[in-house]
Amino acid sequence: MRRNLCYLFLVVLTIASLFPFFILVVNATRNHAQIQRGFSAFFGVSFFDNLGKLLNDKNLPVLRALFNSVFVSFMSALLTTYFSAMTAYGIYMYNFKGKATAFKIILAIMMIPTQVSSLGFIQLLIKIKMIDTLPALFIPAIASPVVFFYMYQAMTATLPYSIVEAARIDACPEFKIFNTIVIPLMKPAIAVQAIFAFVSSWNNYFIPALVINSKMKKTIPILIAQLRSADYQKFDMGQVYMIICMAIVPLIIVYMFLSRNIIRGVSVGAVKE
């Protein structure tokens, strides 16, 4: 009986989680007037009409924005996972003076909100002439205290000192040890953090809105906000739902490729093996 109640609860929870996505897809197939009338569980016939209007709008380079978001999010996920894992490896495997202090400083930086340092960040970009460039959106992902901490915890659970010491005895270079031994062992944890980093970068509106000025360099969140804040007479809810629907497709694809590592990756670091 208890098991059946658990299954029933999980079914209800799944339906509740998928319901907003269902409404999103339904509204993407309806026109503005139909959406204004209120909720409907039936699909409309305006899907291709909304898609055509969206793709033909010269003020909204949707395909270019999709490419920009995919590129920035992929690079952010790649850089933040690789360099955070490398930093965690250095703190975990090496004993040096000030190791504990360095660890505490990195953790302290986790408490500083992005908004606090945004002004200095923009001034730095202007000085090094990186304002209004896509690299300015993903290069800062190299320094990610949150990902570093997660990688460090995962290493304490899954990376024995003996494996690294054995490789060193065989005269294996440190970078080769990291790339061929540590990275494969950390694959589940890296997959989880790659998903989180990709989604975080994909949904990021604050920094791109400050950095990007050119129309062809804008990302999807900026276009959604731009379309949503359009003039009331030109405002089209069908296009808004369509662009949001298009925006979640890459996230679903990334999840499908990395989902099998999520459960194992999340549990890494929870229990000492």
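Residues numbered from 1 in each chain as written. Predicted model: local features only at pLDDT ≥ 70, side-chain atom pairs only at ≥ 80, totals over all residues. Heavy atoms only, no water.

Caption draft 1: Just the overall build of the protein, in detail. Per the secondary structure count, the protein includes 15 helices and zero strands. The principal-axis extent of the C-alpha atoms belonging to the protein is close to 70 × 65 × 30 Å. In the protein, buried positions account for 40% of the 273 residues. Summarising the internal contacts of the protein: among those between residues at least 6 apart in sequence, 74% fall at separations of at least 24. Entry remark: accessible area of the protein is about 16500 Å², with carbon and sulfur atoms responsible for 68%. Charge separation in the protein, taken as the distance between the mean sites of 23 positive and 9 negative side-chain charges, equals 3 Å. (Helix = DSSP H or I, 4+ residues; strand = E, 2+ residues; numbered from the N terminus. Buried < 20%, exposed > 50% of the residue type's maximum accessible area, 1.4 Å probe, protein only. Contact = heavy atoms within 4.5 Å. Areas by Shrake-Rupley, 256 points an atom, 1.4 Å probe, with all protein chains shown as cover. Lys, Arg positive; Asp, Glu negative; His and termini not counted. Charge placed at Lys NZ, Arg CZ, Asp CG, Glu CD.)

Caption draft 2: Geometry of the nonpolar core. Membership of the largest hydrophobic core comes to 28 residues, with the highest contact counts inside it found for Leu54, Val62, Trp202, Ile220 and Ile243. Every element with two or more residues in this core is listed here: helix H1 (2-28), helix H4 (62-93), helix H11 (187-203), helix H13 (220-228) and helix H14 (237-258). Among the elements that take part in this core, H14 stands out by supplying 10 residues, more than any other. Membership of the second largest hydrophobic core comes to 26 residues, among which are Tyr89, Ala154, Val164 and Ala189. (Core = buried A, V, L, I, M, F, W, Y, C linked by side-chain atoms within 4.5 Å.)

Caption draft 3: Geometry of the packing of H1 against H14. At a closest axis distance of 8 Å, the pairing of H1 and H14 adopts a crossing angle of 130°. It follows from the interaxial angle that H1 and H14 lie oblique. For H1 against H14, the interelement crossing comes out left-handed. The segment H1 lies against H14, with Phe21, Leu24, Val25, Asn27 and Ala28 engaging Gly238, Tyr241, Met242, Ile244, Cys245 and Ile248. A breakdown of the residues in the contact of H1 with H14 according to their chemical character gives nine nonpolar, two polar and no charged. (Axes fitted to C-alpha atoms, helices over the stretch in contact; angles between N-to-C directions. Parallel < 35°, antiparallel > 145°, perpendicular 65-115°, else oblique. Left-handed = near helix turned anticlockwise from the far one by under 90°. Nonpolar A, V, L, I, M, F, W, Y, C, P; charged D, E, K, R; others polar.)

Caption draft 4: Structural detail: a nonpolar patch on the surface. The grouping of Phe19, Phe22, Val25, Phe39 and Phe43 at the surface amounts to a nonpolar patch, some 500 Å² of accessible area in total. Locating Phe19 in the fold gives a position in helix H1. A relative accessible area of 42% places Phe19 in the partly exposed class. (Patch = residues over 30% accessible without salt bridge, like charges linked within 9 Å, V, L, I, M, F, W, Y side chains within 5 Å. Salt bridge = Lys/Arg side-chain N within 4 Å of Asp/Glu carboxyl O.)

Caption draft 5: View of the environment of Pro250. Turning to its location among the elements, Pro250 is positioned in helix H14. For Pro250, a relative accessible area of 14% corresponds to the buried category. Separated by 233 residues in the primary sequence, Pro250 and Ser17 have C-alpha atoms spaced 19 Å apart. When neighbours within four sequence positions are excluded, Pro250 is seen to be in contact with Val70, Phe198 and Trp202.

Caption draft 6: Just helix H10 (residues 174-185), in detail. Here H10 spans 15 Å end to end across 12 residues, near enough to the 16 Å set by a 1.5 Å rise per residue. Taken together, the buried positions of H10 are occupied by Ile177, Phe178 and Val182. Burial along H10 is one-sided: seen end-on, the buried residues are contained in an arc of 95°. Buried-residue contacts for H10 involve H4, helix H8 (145-158) and helix H9 (161-169). (Expected span 1.5 Å × (residues − 1). Arc of directions from axis to C-beta.)

Caption draft 7: Expanded view of the pattern of salt bridges. In this structure the tally under the stated criterion is three salt bridges. Note that Glu165 and Arg168 form a salt bridge whose closest N and O atoms lie 3.2 Å from each other. Taken as a pair, Glu165 and Arg168 lie in helix H9 at a separation of three residues, close to a single helical turn. Judged by its relative accessible area of 35%, Glu165 falls in the partly exposed class. For Arg168, a relative accessible area of 24% corresponds to the partly exposed category. The closest approach of N and O atoms between Arg168 and Glu174, which form a salt bridge, is 2.8 Å. One network of salt bridges, with partners in common, ties together Glu165, Arg168 and Glu174.

Caption draft 8: Here's a closer look at the packing of H4 against H11. Axis separation between H4 and H11 bottoms out at 8 Å; the angle between their running directions is 140°. Compared by their axis directions, H4 and H11 come out oblique. In this structure, H4 meets H11 at a crossing whose hand is right-handed. Residue-level contacts link Leu66, Ser69, Val70, Val72, Ser73, Phe74, Ser76, Ala77, Thr80 and Thr81 of H4 to Ile190, Gln193, Ala194, Ala197, Phe198, Ser201 and Trp202 of H11.

Caption draft 9: Representation of the packing of aromatic side chains in the model. This model, assessed by the stated rule, comprises 15 aromatic pairs. Arranged with centres 5.8 Å apart and planes meeting at 85°, the rings of Phe22 and Phe43 form a pair that is edge-to-face. Within this pair, whereas Phe22 is found in helix H1, its partner Phe43 is found in the loop between helix H2 (32-36) and helix H3 (47-56), the two being separated by 21 residues in sequence. Judged by relative accessible area, Phe22 falls into the partly exposed class, the value being 32%. Both rings, one in Phe47 and one in Phe48, keep their centres 5.3 Å apart while their planes meet at 85°; by these two values the pair is edge-to-face. (Phe/Tyr/Trp six-rings, centres within 6.5 Å; stacked < 30°, edge-to-face > 60°.)

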